Amino acid sequence: MGKIGSRNLKETCDTMVNRVHGVDGCWQTSDSSGGSNSGGESSKESSRCSTPVLDADRQDRLRDKMRRRIESGDHWFSLEFFPPRTASGAVNLISRFDRMGSGGPLFIDITWHPAGDPGSDKETSSMMIASTAVNYCGLESVLHLTCCNQTKEKITAHLKKAKRLGLKNIMALRGDPMEDRWEKEEGGFNYATELVKHMRCEFDDYFDICVAGYPTGHPEAESYEEDLMHLKEKVDAGADFIVTQLFFRVETFFKFVKDCRAIGITCPILPGIFPIQGYQSLRQLVKLSKLEVPDEIMQVIEPIKDNDAAIRNYGIQQAVGMCKVLLESGEVPGLHLYTLNREVATIEVLRQLGIWIEDPRRSLPWAISAHPKRKVEDVRPIFWASRPKSYIYRTQDWDEFPNGRWGNSSSPAFGELNDYYLFYLKSKSSKDDLLRMWGEELMSEESVFEVFTSYITAQPNRGGHKVMCMPWNDDPLAPETNLLRDQLEKVNKRGILTINSQPNINGKPSSDSIVGWGPPGGYVFQKSYLEFFTSSENVTALLKVLKKYEPRVNYHIVNVQGKNITNAHDMQPNAVTWGIFPGREIVQPTVVDPVSFLYWKDEAFALWIEQWAKLYEDESPSRMIIQYIHDNYYLVNLVDNDFPLDNCLWQVIDDMFELLDSQLDSHPENPE
């Protein structure tokens, strides 16, 4: 993608006063031939600013990702969402991000609604939804920002906050007026061009900037030609790429691109695609965008307007047909889909186009945050494997993140987790659903064993409901865990309540669909790992058994009061996952760290109360059972260091039960 030249930053800002539509926009410079360099590839002497600002954590910015995909000839897509109105809607939307992020969007964008307090810390605000997508879902995100009802100072404050939260891409828009017609904003901006210029002056090259294009011209523009010139001014002012308003005929988009290129706009132009999903949503969107639906479309939709399924199927086929023409033209590098926060139609369109790619191979075995300062992070304790958002939340204030090795830190300074109901940490399931899964009434500790076993086996519980999540994991079991299903079922039935596990792996290809991660051509390795809650009686027997497995097995056993038993040498971290790849050092992404385990312990025990016990009334038998487990059970982790051999941890557990059974046989009258 081309870069836009700049003058000296101070000179640029000083000459910007009252220059809204000036032809020499403050971010335009001349190339060596004397022609405009706007939107084209800049020379080394003609860069965005007089002093280079790209540091290590800005190397992989959106415009560079886009450029690489264009140069490679790949087809790709991006997705647009809008903030929900309710807290439960926010929980659902974040879950949708996780699901739709698996298909590989280049980025997502979040719209800005002036009436919804979009820059606030509310869980339904545009700012918080975009921040969560970046930090907790690992999605490259573009935050919309409009000029509506905002002073220059307020806009600057929003941008500073966005930067602080790790957001690094902005779609700069004038926005729709609150009333029927636009009123000039005193002390603010009245055009997106002004907003782009302001961002470049105040924030230099930090943000990648997107602007909107209108294939039929903005409805308030004097003419189509005038609107094209305003678009060029936005690009000349520093915009990196364009996303268009929706359209219904490919000819409209092709003409628009041709006309843009004719006036010197060379940056990428992404077509905005709207798969029709319902009659009312179509009418509403057309009303907001002031577009007319072609007769050939309305003739199909009108007879089936009360049949949402039929309209959605038609919309999918109409969008697929249009997108195929766009992608095959060579003019379109990627597609931008307006999702309306729905996933079925959007995913089906992308699947039929062959660009929805759910690649099971991950760059690391855990979800990577897209926050710029976490770019170097490549090592984490394994304990948060099923709660990655919690781990990110508890380490958000760290100044540095581990790179290459997890050091032996006596004070990792994990933040407290007191608010278990932050919308991005809250369970996706309702209280009623959780009760159906985990038991509307618990009769004994064995009732809890049954819940764990139902989760492991994916079989309905005695009430006929499948257990799809647990307090320590809000998702169904990972495919990797299924490799251990039979053994996990066996031990959970007897009160080894597992919350984390992994099989031993000795040199599987990094492309393996179940355990693979990292770049192709590599090999991955794992030590067997098992983490579980169990009773104090079991722990007493386990400690006796473990003596004969040292030093092969490392263990760490702790209760809620902090009683701490471990054979970890000098409290050093133990690598349990690593990979070897062509041309790279060994990558070691997960460890069992004794110090971090004590921080995880607090969270792991608290989840019994915060997510399970609180489902029941105070003093109820069910609540007292969970409280008893919380107060009296131990949290245990075991590592089998001999990964080339068969996993010995199951034998350890079998030996423990054999010892318990023999003690019971010897003293049937006194099981203690």
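The sections below set out a description of the structure shown in this document. Note that residues are indexed from 1 along each chain, following the sequence as it is written. For this predicted model, a pLDDT threshold of at least 70 governs which residues receive local features, and a threshold of 80 or more governs which side-chain atom pairs are given and counted, while totals over whole chains, interfaces and linings are taken from all residues. To get the side-chain values, take all heavy atoms of the structure and skip hydrogens and water.

### Quick word on helix α18 (residues 536–546)
Within α18 the residues assigned to the buried category are N538, V539, A541, L542, V545 and L546. Across the axial projection of α18, the buried residues extend over an arc of 165°, all falling on one side. Categorising residues by exposure relies on relative accessible area from a 1.4 Å probe, with only protein chains included: less than 20% of the type maximum marks a residue as buried, more than 50% marks it as exposed, and the intermediate range marks it as partly exposed. Strands are runs of DSSP state E lasting at least 2 residues, helices are runs of H or I lasting at least 4, and numbering of each runs from the N terminus. Directions drawn from the helix axis to the C-beta atoms are what define this arc.

### Description of unusual backbone geometry
Excluding glycine, most residues fall at negative phi; most peptide bonds, likewise, are trans. The omega torsion of the bond from E550 to P551 falls at 5°, within 30 degrees of zero and hence cis. In this fold, P551 is placed in the loop between α18 and β14 (553–559). The backbone of N341 sits at a positive phi, close to 65°, despite the residue not being glycine. Take N341: it is sitting in the loop between β8 (334–338) and α12 (344–353). Classification of N341 by relative accessible area gives buried; the value is 11%.

### Digging into the packing of aromatic side chains
We describe a pair of aromatic rings using the distance from one ring centre to the other and the angle between the two ring planes. Classification of ring pairs rests on two measures: the distance between centres of Phe, Tyr or Trp rings, Trp counted by its six-membered ring, which must be within 6.5 Å, and the angle between planes, read as stacked under 30 degrees, edge-to-face over 60 and tilted in between. Scanning all chains against the criterion turns up 34 aromatic pairs. A ring pair is formed by Y206 and F207, whose centres lie 4.8 Å apart and whose planes are at 85°; its orientation type is edge-to-face. In this structure, Y206 and F207 share a single accessibility class: buried. Members of the aromatic cluster, connected to one another through ring pairs, are F383, W384, Y391, W398, F401, W406, F414, F597, Y599 and W600. Geometrically, a lysine NZ or arginine CZ counts as sitting over a ring once it is within 6 Å of the ring centre and also within 35 degrees of the ring normal. The cationic tip of K163 hangs over the ring face of Y206; the distance from NZ or CZ to the ring centre is 4.8 Å.

### A closer look at the sheet that holds strand β16 (residues 574–580)
For two strands to pair, DSSP has to find at least two bridges joining them. Taken in spatial order, the five strands make up an open sheet running β9-β17-β16-β12-β11, and their pairing is mixed. The open sheet is flanked by β9 (380–381) and β11 (505–509), the only strands paired with a single partner. In the sheet, strand β12 (residues 523–526) pairs with β16 via four bridges, with the strands oriented antiparallel. In the sheet register, Y523 faces β16, and the bridge partner there is I580.

### What to know about the packing of helix α15 (residues 445–457) against helix α17 (residues 485–493)
Note on geometry: axes are lines fitted to C-alpha atoms, helical ones only across the stretch in contact, with angles between N-to-C directions running from 0 to 180 degrees. Two numbers describe how α15 lies on α17: the axes approach to 8 Å, and their chain directions differ by 175°. With respect to their mutual orientation, α15 and α17 come out roughly antiparallel. In contact with F449, F452, T453, I456 and T457 of α15, α17 contributes R485, L488, E489, N492 and K493. Each residue belonging to the contact of α15 with α17 can be placed in one class, and the counts come to four nonpolar, three polar and three charged. To sort the angles, those under 35 degrees are grouped as roughly parallel, those over 145 as roughly antiparallel, those from 65 to 115 as roughly perpendicular, and the leftovers as oblique. The contact criterion used is simple: two residues touch if any of their non-hydrogen atoms lie within 4.5 Å. Nonpolar residues are Ala, Val, Leu, Ile, Met, Phe, Trp, Tyr, Cys and Pro. Charged residues are Asp, Glu, Lys and Arg, and all others, Gly as well, are polar.

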